[in-house]
Amino acid sequence: MRKQIYLDYAASTPIDKRVLEAMMPYMRRHYGNPSSTHSFGQKTRAAIEQAREQVAKFLHCKADEVIFTSGATEANSLAIHGVIQNTLRLRSGQAKPHIVTTAIEHESVLEPCRTLEREGIAEVTYVKPQKDGIVLVEDVKNAIQPNTVLVSVMYANSEIGTIQPVQEIGKAISELKRNTKQSYPVFHIDAVQAANFLDCNVNTLSADLLTLSGHKIYGPKGVGVLYRREGVRVLP
């Protein structure tokens, strides 16, 4: 019988034994709805909030800045559509909102951007990387327009392994906002592939929004995270 070797951990990892052991009680014994007020539900709620605290500690943020989703795809979609829809609500009648992203993002970022373009809701600039797969900070800065409300850049690429200069991009955006005294553009980082290997301190990265995925880091499938900095509005 031929032995199989799995070499696709960037796509999905097996669940860690410790993670499975921690989850099992809530699949069999403590199965109450966390929104219920009875003791069964409140025990489950306490476990969720403990998990939220653990994620917040990893990201160096507040627990109430952590939003659990069904995965990174939903988290990315919520970040992009949420910012745009909130902008449309606040800026009715103004210039069409503009997004800056890169040409080598994951489909869960590119497709929402394309959809917003096709529907005539937003304009999008896709910054191309250099030959080495790295996007220049200056190219991102030069793509920002007066009506840019969102910049979304992947931290680490699962296909070619490049690490984008998101910390420098975040600093540039923060400086721009300080100079213009504006809350836009919001900076979103898809950190799904970075969580296992790179610093995901949202303050160091100057991130307003950041996405994580459970099954990329030995957690369960069907769990994602969107970090949303306090004060940043995303419409559900």
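Definitions and cut-offs
Residues numbered from 1 in each chain as written. Predicted model: local features only at pLDDT ≥ 70, side-chain atom pairs only at ≥ 80, totals over all residues. Heavy atoms only, no water. Helix = DSSP H or I, 4+ residues; strand = E, 2+ residues; numbered from the N terminus. Rg over C-alpha atoms; globule rule 2.2 N^0.38 Å. Buried < 20%, exposed > 50% of the residue type's maximum accessible area, 1.4 Å probe, protein only. Areas by Shrake-Rupley, 256 points an atom, 1.4 Å probe, with all protein chains shown as cover. Lys, Arg positive; Asp, Glu negative; His and termini not counted. Charge placed at Lys NZ, Arg CZ, Asp CG, Glu CD. Pairing = 2+ DSSP bridges. Axes fitted to C-alpha atoms, helices over the stretch in contact; angles between N-to-C directions. Contact = heavy atoms within 4.5 Å. Core = buried A, V, L, I, M, F, W, Y, C linked by side-chain atoms within 4.5 Å. Expected span 1.5 Å × (residues − 1).

## A closer look at the overall build of the protein chain
Scanning the protein chain from terminus to terminus reveals six helices and seven strands. Listed by position from the N terminus, the elements making up the protein chain come as α-α-β-α-β-α-β-α-β-α-β-β-β. Relative to a compact globule of 236 residues, whose C-alpha radius of gyration would be 18 Å, the protein chain shows 19 Å and is just as compact. Burial statistics for the protein chain: of 236 residues in total, 46% are counted as buried. Surface summary for the protein chain: the accessible area is close to 13,200 Å², and the carbon and sulfur share equals 53%. Computing the positive centroid from 28 side-chain charges and the negative centroid from 24, the protein chain places the two 5 Å apart.

## Let's talk about the sheet that holds strand E3 (residues 123-127)
The strands making up a sheet associate through backbone hydrogen bonding, with each pair oriented either parallel or antiparallel. The seven strands lie next to each other as E1-E7-E6-E5-E4-E2-E3, forming an open sheet whose pairing is mixed. The sheet is open, and its two edges are formed by strand E1 (66-69) and E3, each paired on a single side. Ignoring which end each strand starts from, the neighbouring axes of this sheet average 20° apart. On top of the sheet, helix H3 (residues 72-90) reaches E1, strand E2 (98-102), strand E4 (148-154), strand E5 (186-190), strand E6 (209-213) and strand E7 (224-228); it is set at about 160° to E6, its chief contact. Packing against the sheet, helix H6 (residues 166-180) makes contact with E4 and E5, and its axis sits at approximately 170° to E5.

## Focus: the nonpolar core
Grouped together as the largest cluster of nonpolar side chains are 34 residues, with contacts concentrated most on Leu59, Ile189 and Leu210. Elements represented by at least two residues in this core include exactly helix H2 (39-59), helix H5 (137-143), E4, H6, E5, E6 and E7. Looking at this core, the element that brings in the most residues is H6, giving four residues. Apart from residues lying up to four places away in sequence, Leu210 is in contact with Leu59, His188, Ile189, Ala191, Val202, Leu205, Val225, Leu226 and Tyr227. Formed by 21 residues, the second largest nonpolar core is a distinct cluster that contains Ala75, Ile99, Ile121 and Val124.

## Topic: unusual backbone geometry
Trans peptide bonds make up the majority, and among non-glycine residues the majority have a negative phi. Between Tyr184 and Pro185 the backbone carries a cis peptide bond, its omega angle lying at 0°. Along the polypeptide, Pro185 turns up in the loop between H6 and E5. Positive phi values are uncommon outside glycine, yet Tyr218 reaches one of about 70°. Within the fold, Tyr218 resides in the loop between E6 and E7.

## Looking at helix H4 (residues 107-118)
In this model, H4 (12 residues) spans 16 Å end to end at C-alpha, consistent with the 16 Å of a helix rising 1.5 Å per residue. Buried within H4 we find Ser108, Val109, Leu110, Pro112, Cys113, Thr115 and Leu116. Along its buried surface, H4 packs onto H3, E2, E3, E4 and E5. Two residues or fewer past H4, Gly120 is found with a positive phi of approximately 70°.

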